[in-house]
Amino acid sequence: MNFFWLDANAFVKRYIVENGTPLINYLFTHVSLEKMFCLLEGVGEIISVIVRIRNRGEITTEGFNHAKQLFDDEIIHRDKVKLMLPTENQITASWELIDQHSINSTDAILLQCALDRTHELRANGDNLVLVSSDKRLMRAAMIEGLFTFNPEIDNQASLDALIDPP
């Protein structure tokens, strides 16, 4: 069974219509929230992106309120998506990933946490898929041996294969 770790830009596609939104919506309708992970710090990033889009006038106040309410209902108040808080050891281990892969510190922390969770899941015969459209993060994740899905360039058939692996 595969679990899915979404970064903030992947989660935003659920609440703001943009390239990749249909596949993220498909993921949400075919995978239970209990099989999804998000870095706790990513929650603030998701909120800030939604606010920034509103402030730029790219969505109406009604659209903003709807996006924020859906986010609150699905993520903040449901307690089903696993919001992962990195440990001090994960944070310090992530510093090496910054240099190795030329990624920012938040992406390095996310990657380190995802790698650690992957090792735990694989011990039980499960796996983890990192979902993002961040090219550097995705490249680093693939080099580190993670399964990846980019909703902006991958297709539904590849997502189906990850949702229901053979």
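These numbers come from a predicted model, not from an experiment.

Re the sheet that holds strand β4 (residues 127-131)
Then, in step 1: The strand order across the open sheet built from five strands is β3-β2-β1-β4-β5, with neighbouring strands paired in parallel fashion. Of all strands in the sheet, those bounded by a partner on one side alone are β3 (82-84) and β5 (147-149). Neighbour to neighbour, the strand axes of the sheet diverge by 30 degrees on average, direction disregarded.
Then, in step 2: Two strands pair when backbone bridges link them, and strand β1 (residues 2-6) and strand β2 (residues 36-39) are joined in this way by two bridges, in the parallel orientation. Each bridged residue has a counterpart across the sheet, and for Phe4 the counterpart in β2 is Met36.

Comments concerning the packing of helix α2 (residues 21-30) against helix α8 (residues 156-163)
Then, in step 1: At their nearest, the axes of α2 and α8 sit 11 Å apart, and the two run at 25 degrees to each other. As far as their axial angle goes, α8 and α2 are roughly parallel. Here the hand of the crossing between α2 and α8 comes out right-handed. Judged by residue contacts, Leu23, Tyr26, Leu27 and His30 of α2 engage Gln156, Leu159, Asp160 and Ile163 from α8.

Some thoughts on unusual backbone geometry
Then, in step 1: One non-glycine residue, Ser102, lies in positive phi territory at about 55 degrees.
Then, in step 2: For Ser102, the position within the fold is in the loop between α5 (88-101) and α6 (105-123).
Then, in step 3: Owing to a relative accessible area of 45%, Ser102 belongs among the partly exposed residues under this scheme.

Reading the values: the criteria
- Residues numbered from 1 in each chain as written.
- Predicted model: local features only at pLDDT ≥ 70, side-chain atom pairs only at ≥ 80, totals over all residues.
- Heavy atoms only, no water.
- Pairing = 2+ DSSP bridges.
- Helix = DSSP H or I, 4+ residues; strand = E, 2+ residues; numbered from the N terminus.
- Axes fitted to C-alpha atoms, helices over the stretch in contact; angles between N-to-C directions.
- Parallel < 35°, antiparallel > 145°, perpendicular 65-115°, else oblique.
- Left-handed = near helix turned anticlockwise from the far one by under 90°.
- Contact = heavy atoms within 4.5 Å.
- Buried < 20%, exposed > 50% of the residue type's maximum accessible area, 1.4 Å probe, protein only.

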